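# Observations on chain architecture
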Amino acid sequence: MMEPGLNHFLFISAALFFIGVYGFLTRRNLITMLMSIELILNSVNLNFIAFNKYLWPGKMDGLFFTLFIIAIAAAEAAVAIAIIINLYRSHQSIDVENAEDLKY
Amino acid sequence: MPNATIIALIPLLPLAGFLLLGLFGRKFFKKSSGIIGTALLLASTLLALYTAYEYFFIYGKADGVYQQFVPFQMTWLEFSKGVSIDMGLLIDPISVMMLVVVSFVSLMVHIYSLGYMKGEERFPAYYSFLGLFTFSMLGLVLAGNIFQMYIFWELVGVSSFLLIGYYYDKPSAVAACKKAFIVTRFADVGFLIGILILSFCSGTLDLPTLIQRLTSPDSNEIKTAVASTFLGASALTWGAALVFIGGAGKSAMFPLHIWLPDAMEGPTPVSALIHAATMVVAGVYLVARLFPVFSITTPGVLEIVGWVGAISAIIAAIIACTQTDIKRVLAYSTMSQIGYMMFALGVSTYGGEGGLGYTASMFHLFTHAMFKALLFLCAGAVIHYVHSNDMKDMGGLRKYLPITHITFLIACLAIAGVPPFAGFFSKEEILLAAYQNNMAIYWIALFTSGLTAFYMFRLYFTIFWNKPAPSPLEQSGKRKIGSEARGGEAHGEGGFAMMLPLVLLAIGAAAAGFIPFGEFVSSDGKALETKFHLVFSIAPVALGIAGIFTAMWFYKKQNNKSDKLAASLNGFYKAAYHKFYIDEIYLYITKKVLFNLVGKPAAWFDRNVVDGMVNLTGAATQAISEAIKKIQSGKVQQYAIYFLVGVIVLATLFIYILR
Amino acid sequence: MISGSTILFYLLAALTLTCGLLSVSTRQIFRAAIYLLFSLIGIAGIYFWLQYEFIAAVQIVVYVGGIVVLIIFSIFLTQQAGEKLAKQKTDRKIFSALAAFCGFALTMLQVYQHTFYESSESAVPTTVLNIGKKMMAVDNGGYALPFEVISMLLLAAMIGCIVIALRSKPETK
């Protein structure tokens, strides 16, 4: 086995990203879609940290980006949950197939 | 020099009458529209007489030839260099003559209608339509551009339509006005195509230029026109023939005459004006106007003109002998007399002695206007008194309608060709022209003049002699419902307004013959001396007097000799009575042939193919939109898939393909 | 010789990816949340392996301890805990998998074809002290401004959540 290099991290990050994309496109439940989005955000975080560690060890920019993304992801998850709860109140269901009010 | 303002005013005054009475008549001029219309037309007539006097006696002649003047011309619509529709005035012997005829007869009709149409509900509308008609007819005769003539031609047709259908609550009147308009319109297709051919050949629409280019022997246009042939006849012949078709329709020549008897559904003064004296002679005027072109065509279109005129004359005379409705008899008489005018033109040539037919035709137009209008107005007086159109309800009226009786007699003598009344002179010239050029037509014309005398005096004796008339009191009791004359209580002959035109027209019918017409109107403008041929005139006069006495024998006293004669000529009589079934033939052709073979497929095509294409466009759009609208499904995940796939495709595109 | 850290790395990577896959494919929602939790812990582990302890700690505290808990609360609030989730149409699953795989292949192709140039600076130790100094620095390369912006964002998010999730007052008769 090889010594883990930048490419390994990029592989993990890309794989996690596209797993999250698959989950977003496939899941019927709003909360599980939110979970997939969290996976996507995490893959991006990993990407930033890997670049910081392997390409720019003298700076900490990637680290700070990751920090801020975590903060923003938290805020976004909170707002998303609020919306889901609101939707549940009006539709009595959180199946995304039922949320097609903006149809033609 | 012609005064353009005065001449322009002649048609414009009746136009003003039309607009004024048409727009404001109902509200403001309910009682006075007649006076206004008549006053305008009196002014117009005086101006026309003044113009005629000036033209014929003061400035018209130059070196012994009457000149054509164009006092006013304005380019209205220009198609290309040299080809444009101009509105203008053309002063010429025949146009000035027609100005006098049209305005004078129209004035008589206006005055007459003051009495005849009194108490009519739509009185202002009547006078406004009369004004429109007079304007259109005057514009037609003054037209210097062939397309201008066509425009006014159609306007005259519209006025006729409006006036025939004046009593629009009568279905027969509505049918008649539609028939008149459609038949003349159908003939006008020929006229239009003829105009296009002639103007294409000569390169212009201006009448003097067109005639000059197509008749001067060495012009380019005539060479090309004669050279290009279609089915054996040159373009010039086709153009002239098609123009004649238009004229034949308007002048009720056989076989396009079917509308004229039905047009009698209109009020009698209208029949006098339009369908006797002025509109129906428009076809004759057209041929006269384009006479140089007609006379130069080979093979002769003039031959066709002559024969159509002769056939119409004799057929109409035969039918008139059998009809019982006063106005129908007079309508067929009109058709017959116009046939005379037409074949007179047909046997004429251009210039010199051979142009006698032309002069005779125009002279007959002039005198015919007088006595035919007089006949119709007298008929109107009779109808006004008897409240019925049918000859069976009349008889012995000479006691109660003295003035009408005398004037009617004068008109009948004139039309029968008895000297010294006007008809004798004009008919004699026509017969002379026919004798000099085409013997077959001469014999037909001679026979027809005998028949003319016969049926006119049949009419005269049946109305004024035959059986004793009931007193006016009994007469009003017998009033038929739905007849044309509307009026209340027992009345006499009709007031001053109705009698004055009769007297004036009778004077015209009596004296007009003495005008030396050839001095003024001839085919090439030079004076034509018309001599009085004593020996030649004996035949027609004798025939006329024989016709009068025959009618007297049959109809002066009440008897059944006429019925016995009709019975003995059974089949022929029935055919003549039914107008030779021409109407039925037309109806058959229209219904069976045109509707089924042409109309129905055209309608099918229009409904299914043309509408179908439009509907198809709509349906296709709808189907496409139904398919496309599924993109906006409202489902977030679908949008995300489109997004992802789009990004991948674009990335692949940019990285690998568009490097 | 394969070092232990390499094995550890591969184990952590395997944990992350497996739990991620399970999270998006299981039909029971609570299990999905738990699988997500483990995936996030795997990520935190990778951060530890990279010796970015602070970020790992933040990850665990915020993500695992905050967001996943929030998700579990919302599962309970919308009464989804018990039943199984509805199944998705097969063709949708296949198409999405195909699209995701194509994207993944494209990305990896680019990654392996690209040569990454490393900077030649010496490494800065990512201690909390250094992170804190950098965060509060106002000079070139300092992150004081983004810090303030983030705090405004968090305030807005908080207010927004409250407003959205507010139950409308019942009408007074």
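Every value quoted in this text rests on a predicted model; they were computed, and no experiment measured them. Within every chain, residues take consecutive numbers counted from 1 along the sequence as written. Naming scheme: in the order in which they are written, chains are lettered from A and ligands are numbered from 1. It should be noted that, the model being predicted, local features are given only for residues of pLDDT at least 70 and side-chain atom pairs only at 80 or more, the latter also being counted only at that level, while totals for whole chains, interfaces and linings use all residues.

### A word on the overall build of chain C
Spelled out, the test is: Here a strand is any run of E in DSSP of at least two residues, a helix any run of H or I of at least four, and the numbering for each starts at the N terminus. Atoms considered for the radius of gyration are the C-alpha atoms alone. The globule rule reads 2.2 Å times the number of residues to the power 0.38. Whether a residue is buried, exposed or partly exposed follows from its count of other C-beta atoms within 10 Å of its own C-beta, namely 20 or more, 12 or fewer, or something in between, respectively; the C-beta atoms are built from the backbone. This entry defines residue contacts through backbone-placed C-beta atoms, with two residues in contact when those atoms are within 7 Å.
The helix and strand inventory of chain C stands at six helices and zero strands. Traced from its N-terminal end to its C-terminal end, chain C shows the element sequence α-α-α-α-α-α. Whereas a compact globule of 173 residues would reach a radius of gyration of roughly 16 Å, chain C reaches 22 Å, over 25% beyond that. Considering only C-alpha atoms, chain C reaches an extent of 70 × 45 × 30 Å along its principal axes. Within the span of chain C, comprising 173 residues, buried residues form 24% of the whole. Contacts spanning at least 24 positions in sequence make up 49% of the contacts within chain C whose residues lie at least 6 apart.

### A few points about the overall build of chain B
When helices and strands are tallied, chain B shows 27 helices and six strands. For chain B, the spread of C-alpha atoms along the principal axes amounts to about 115 × 70 × 55 Å. The contacts in chain B between residues at least 6 apart in sequence include a share of 78% that link residues at least 24 apart.

### Some thoughts on the interface of chain A and chain B
Put simply, the rule reads: Think of it as three bins: nonpolar holds Ala, Val, Leu, Ile, Met, Phe, Trp, Tyr, Cys and Pro, charged holds Asp, Glu, Lys and Arg, and polar takes everything else, Gly as well.
If you look at the interface, chain A gives ten residues, while chain B gives ten residues. Residue composition of the side of chain A that touches chain B, by class: six nonpolar, no polar and four charged.

### Considerations on the interface of chain C and chain A
Many descriptions give the size of an interface as the accessible area lost when the pieces come together. In this complex, chain C contributes 70 residues to the contact, which on the side of chain A involves 60 residues. Secondary structure elements with two or more residues in the side of chain C that touches chain A: helix 1 (4–25), helix 2 (29–49), helix 3 (53–77), helix 4 (90–113), helix 5 (128–136) and helix 6 (144–165) of chain C. Here the side of chain C that touches chain A gets twelve residues from one element, more than from any other, and that element is helix 3 of chain C. Residue composition of the side of chain C that touches chain A, by class: 47 nonpolar, 18 polar and five charged.

### A look at the environment of Asp92 of chain B
As for its position among the elements, Asp92 of chain B is in the loop between strand 4 (83–91) and helix 3 (93–116). In the structure, Asp92 of chain B is positioned 234 residues away from Ile326 of chain B in sequence and 37 Å away in space, judged by C-alpha atoms.

### Points about the pairing of strand 4 of chain B
Residue and element names in this part refer to chain B. As a reminder, the rule being used: For two strands to be treated as a pair, DSSP must find at least two bridges joining them.
Bridge analysis of strand 3 (residues 69–80) against strand 4 gives eight bridges, and the strand direction is antiparallel. Paired with Phe72 across the strands is Leu89, a residue of strand 4. Linkage of strand 3 to strand 4, two consecutive antiparallel strands, is achieved through a turn of two residues, within which Gly82 is found at a positive phi near 90 degrees.

### Overview of the confidence of the model for chain C
Keep this limit in mind: Each residue carries a pLDDT value, the predictor's own confidence for that position, ranging from 0 to 100.
The share of residues in chain C with pLDDT of 70 or more is 94%, and the mean pLDDT across the chain is 89. The ipTM for the predicted assembly is 0.91, set against a pTM of 0.71.

### Details of helix 16 (residues 356–386) of chain B
Residue and element names in this part refer to chain B. Rule in force here: Expected helix span is computed as 1.5 Å times (number of residues minus one). Throughout, bend refers to the angle between the axes fitted to the seven residues that end at a position and the seven residues that start at it.
Helix length check: helix 16, at 31 residues, gives a terminal C-alpha distance of 43 Å against a target of 45 Å (1.5 Å per residue), a fit within 8%. At His368, helix 16 is deflected by roughly 30 degrees, the largest bend along its length. The element helix 16 is extensively covered by neighbouring structure, given that 31 of its 31 residues are classed as buried. In the segment just after helix 16, His387 is the residue with positive phi, at about 60 degrees.

### Section: the packing of helix 1 (residues 6–26) of chain A against helix 1 of chain C
As a reminder, the rule being used: For helices, the fitted axis covers only the stretch in contact; all axes are lines through C-alpha atoms, and the angles between them, taken along N-to-C directions, range from 0 to 180 degrees. Note that the term roughly parallel is reserved for angles under 35 degrees, roughly antiparallel for angles over 145, roughly perpendicular for angles of 65 to 115, and oblique for everything else.
Running from N to C, helix 1 of chain A and helix 1 of chain C point in directions that differ by 10 degrees, and their axes come no closer than 9 Å. Comparing the axis directions of helix 1 of chain A and helix 1 of chain C gives the class roughly parallel. Of the residues in helix 1 of chain C, those in contact with Ile12, Ala15, Leu16, Ile19, Tyr22, Gly23 and Thr26 of chain A of helix 1 of chain A are Ala13, Thr16, Leu17, Gly20, Leu21 and Val24 of chain C. Its residues assigned to classes, the contact of helix 1 of chain A with helix 1 of chain C comprises nine nonpolar, four polar and no charged.

### Some remarks on the nonpolar core
Heads up, the condition is: Joining buried Ala, Val, Leu, Ile, Met, Phe, Trp, Tyr and Cys residues through C-beta atoms within 7 Å gives a set, and that set is a nonpolar core.
Formed by 211 residues in total, the largest nonpolar core has its most connected members in Ala373, Leu374, Val382, Ala411, Phe457 and Ala509 of chain B. When residues in this core are grouped by element, the largest group, 22 residues, is from helix 16 of chain B. When neighbours within four sequence positions are excluded, Val382 of chain B is seen to be in contact with Ile326, Met394, Leu397, Leu401, Thr404 and Ile463 of chain B. Within the second largest apolar cluster, 66 residues are counted, among which are Phe9 and Leu16 of chain A together with Ala32 and Tyr63 of chain C.

### Details of helix 8 (residues 220–227) of chain B
All names here are of chain B. Formally: Here the arc refers to the directions that run from the helix axis out to each C-beta atom.
Listing the buried residues of helix 8 in full gives Glu221, Ile222 and Ala225. Burial along helix 8 is one-sided: seen end-on, the buried residues are contained in an arc of 95 degrees. Counted as exposed and oriented over 90 degrees from the buried face of helix 8: Asn220, Lys223 and Ala227. Looking at the packing, one finds that the buried side of helix 8 touches helix 6 (171–202), helix 7 (207–215), strand 6 (233–234) and helix 9 (235–250).

### Here we look at unusual backbone geometry
All names here are of chain B. Omega for the peptide link from Phe254 to Pro255 comes to -5 degrees, which places this bond in the cis form. Residue position: Pro255 is located in the loop between helix 9 and helix 10 (259–262). Residues Pro419 and Pro420 are joined by a peptide bond in cis, for which omega reads -5 degrees. Inspection of the secondary structure assignment puts Pro420 in the loop between helix 17 (402–416) and helix 18 (422–437). Even without being a glycine, His387 presents a positive backbone phi close to 60 degrees. The residue His387 is located in the loop between helix 16 and helix 17 in this model. Overall, the presence of 19 C-beta atoms within 10 Å leaves His387 in the partly exposed class.

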